[in-house]
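# Structure assessment
Spelled out, the chains give:
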Amino acid sequence: MSMLTPPGMGGKYRVTGAAYPRMSRKRSRPRIVLAILGSVLALALVGYGAMQLIDVFRGDGPKRNTAAGAKDCPTTPPKGAAKGGPTAASNAASNASATAPAAAKPAVVLPPPGEITVNVYNATPRAGLAKAVGDELAKRGFVIGHVGNAPADFDKKVPGTGILLGSPTTDKTAFSVLGTQLAGTTQQTDTREGADIDLILGDAFKELSTKEDADKALAVLANPVPAPAKC
């Protein structure tokens, strides 16, 4: 037996040369497969994380795009507008000339005061109130009909500013035009057939609205502000 042969090993393990034989343990195949899968998964996670970081720094994330789209509603400018060429200028001029008459026309057609007949009645203890209010309404263009004390059904029975009383067939805009002359009135209808409107002054009435305020209210009625457009 050679001196290089470990004790107890003989036969085919006998060493006759100058080196020991290599004896390696067989590797387990399932462990190798699991190690490969773990490596692939780790690489995939690293790659996904890198892509997310790139999107964050570039600002191309889907959440940012969604938020930006919700805040702003960009419109595409017409061709030639960015260049400021003659085509854009001519188009702007033609559009302005085309929309100018439409902008001047009121959105709601209201009857003028000269087409509204108003009967002024006083339901309060204040003497001469109906005549004073009727004279002021006449100065503002309304046609004044009957003036006097309120009928028994309303005399001393109107605690508010006043009542606008008319036929169910009377144009509703006529009530609105008369209502701009004093705030806080209520509207009622009766069985009359004419288009005239009764203004019954109540205990809470102090005075008519100033002409400036009434004109502003009429302008709002004729050109109501549209609701904001939703994108």
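Residues numbered from 1 in each chain as written. Predicted model: local features only at pLDDT ≥ 70, side-chain atom pairs only at ≥ 80, totals over all residues. Heavy atoms only, no water.

## Thoughts on the overall build of the protein chain
For clarity, the cut-off: Labels follow the DSSP assignment, with helices taken as runs of H or I lasting at least four residues and strands as runs of E lasting at least two, numbered in each case from the N terminus. The contact criterion used throughout is that any non-hydrogen atoms of two residues lie within 4.5 Å. Using the Shrake-Rupley algorithm and a 1.4 Å probe, accessible areas are obtained, with residue cover drawn only from the displayed protein chains.
On a plain count of helices and strands, the protein chain comes out with 6 helices and 5 strands. Taking the intrachain contacts of the protein chain between residues at least 6 apart in sequence as the baseline, contacts between residues at least 24 apart amount to 71%. About 16,800 Å² of surface is accessible on the protein chain, with carbon and sulfur atoms providing 61% of the total.

## As for the nonpolar core
What counts is decided by this rule: What is meant by a nonpolar core is a set of buried Ala, Val, Leu, Ile, Met, Phe, Trp, Tyr and Cys residues, joined one to another through side-chain atoms within 4.5 Å. Relative accessible area decides the class of each residue, using a 1.4 Å probe on protein chains only: under 20% of the type maximum gives buried, over 50% gives exposed, and in between gives partly exposed.
Formed by 20 residues in total, the largest nonpolar core has its most connected members in Val118, Val133, Leu137, Leu199 and Leu201. Those elements that place two or more of their residues in this core are strand S1 (117-122), helix H4 (129-139), helix H5 (172-179) and strand S5 (197-201). In terms of nonpolar packing, the next biggest core, distinct from the first, is built from 8 residues, Tyr121, Ala123, Ala150 and Ile200 among them.

## Quick look at the side chain of Arg140
What counts is decided by this rule: Any N or O atom pair separated by 3.5 Å or less is treated as a polar contact, with the protein-specific requirement of one donor-capable and one acceptor-capable atom, and with residues adjacent in sequence counted only for side-chain atom pairs.
Note that Arg140 resides in the loop between H4 and strand S2 (143-149). At 3.1 Å, the side chain of Arg140 and the side chain of Glu136 are in polar contact.

## Regarding the sheet that holds strand S4 (residues 185-189)
Our working rule: Here, any two strands with at least 2 DSSP bridges between them count as paired. To define axes, lines are fitted to C-alpha atoms, for helices over the stretch in contact only, and angles between the resulting N-to-C directions are given on a 0 to 180 degree scale.
As summarised here, the arrangement of the 5 strands in space is S2-S1-S5-S3-S4, forming an open sheet in which the pairing is mixed. The strands lining the two open edges of the sheet, one partner per strand, are S2 and S4. Between one strand axis and the next, the sheet turns by 20° as a mean value, whatever way the strands run. Pairing of S1 with S5, which is carried by 5 bridges, proceeds in the parallel orientation. Its bridge partner being in S5, Val118 is matched across the sheet by Ile197. Contacts from H4 reach S1, S2 and S5 within the one sheet, and its direction differs from that of S1 by about 155°.

## Some thoughts on unusual backbone geometry
Phi is positive for Lys156, close to 60°, though the residue is something other than glycine. Counting through the fold element by element, Lys156 comes out in the loop between S2 and strand S3 (162-166).

## Some points on the pairing of S2
Keep this limit in mind: Every crossover in which the path from the first strand over the helix to the second runs clockwise, viewed with the strands pointing away from the viewer, is termed right-handed.
The pairing of S1 with S2 spans 5 bridges and is parallel. Paired with Val118 across the strands is Ile144, a residue of S2. In this fold, S1 hands off to H4, which returns the chain to S2; that crossover is right-handed.

## Quick notes on the pattern of salt bridges
Inclusion rule: Whenever a carboxyl oxygen of Asp or Glu lies within 4 Å of a side-chain nitrogen of Lys or Arg, that contact is scored as a salt bridge.
Overall, the coordinates contain 7 salt bridges when judged by the stated rule. Measuring nitrogen to oxygen at the nearest pair gives 3.1 Å for the salt bridge that ties Lys156 to Asp155. We classify Lys156 as partly exposed; its relative accessible area is 46%. When its relative accessible area of 25% is taken as the criterion, Asp155 is described as partly exposed. Between Asp196 and Arg192 there is a salt bridge whose closest N-O contact spans 3.5 Å. Owing to a relative accessible area of 18%, Arg192 belongs among the buried residues under this scheme. By sharing partners, the salt bridges in this structure join Asp190, Arg192, Asp196 and Asp198 into a single network.

## Quick look at the pairing of S4
Taken together, the 5 bridges between S3 and S4 define a ladder with parallel strand orientation. Each residue of the ladder has a partner; that of Ile163, found in S4, is Thr186. Handedness of the S3-H5-S4 crossover: right-handed.

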